[in-house]
Amino acid sequence: QVQLVESGGGLVQAGGSLRLSCEASGRIFSINAMAWYRQAPGKQRELVASISRGGITNYADSAKGRFAISRDNTKKTVFLQMNSLKPEDTAVYYCNADLMIVFGQWSNYWGQGTQVTVSS
């Protein structure tokens, strides 16, 4: 059973920090790009940050200068360090990854999400 499992969400005051983790588990041959998305109530799901298997990163304008995405390929884990958090960062954060489960075939997977709440 292949899963992306997020952790690290919670309640934090404005200006604080959180570090999210997402581990890919199960019978996985390879992992390509990984990313973090978020969805706030009443809003569309949006890309926050992405990272290629080689470490090239991209960020949403709202995340630049505050968030940092990284990965540990040995542990099959992607991280999102979030600093200077704002109430508008409140959302469910979802992990996303391109995984090779069946050898030679790439597929896209989503985690179940972890809640991040930033209080003012």
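Attention here is on the structure that accompanies the text. Just so you know, these numbers come straight off a predicted model, no measurement behind them.

Looking at the packing of aromatic side chains
Stage number 1. Counted under the stated rule, the structure contains 3 aromatic pairs.
Stage number 2. Ring geometry for Phe 29 versus Phe 103: centroids 5.5 Å apart, planes at 70°, classification edge-to-face. With Phe 29 in the loop between strand E3 (18–25) and strand E4 (30–39) and Phe 103 in the loop between strand E9 (91–100) and strand E10 (106–110), this residue pair connects regions lying 74 residues apart in the sequence.
Stage number 3. When its relative accessible area of 66% is taken as the criterion, Phe 103 is described as exposed.
Stage number 4. One aromatic cluster is present, built from ring pairs that chain together Tyr 37, Tyr 94 and Trp 110.
Stage number 5. Of note, Arg 45 hangs over the ring of Tyr 94, and the distance from its end group to the ring centre comes to 3.7 Å.
Stage number 6. Sitting over the ring of Trp 110, Arg 45 keeps its end group 4.7 Å from the ring centre.

What counts as what
Residues numbered from 1 in each chain as written. Predicted model: local features only at pLDDT ≥ 70, side-chain atom pairs only at ≥ 80, totals over all residues. Heavy atoms only, no water. Phe/Tyr/Trp six-rings, centres within 6.5 Å; stacked < 30°, edge-to-face > 60°. Helix = DSSP H or I, 4+ residues; strand = E, 2+ residues; numbered from the N terminus. Buried < 20%, exposed > 50% of the residue type's maximum accessible area, 1.4 Å probe, protein only. Lys NZ or Arg CZ within 6 Å of the ring centre and 35° of its normal.

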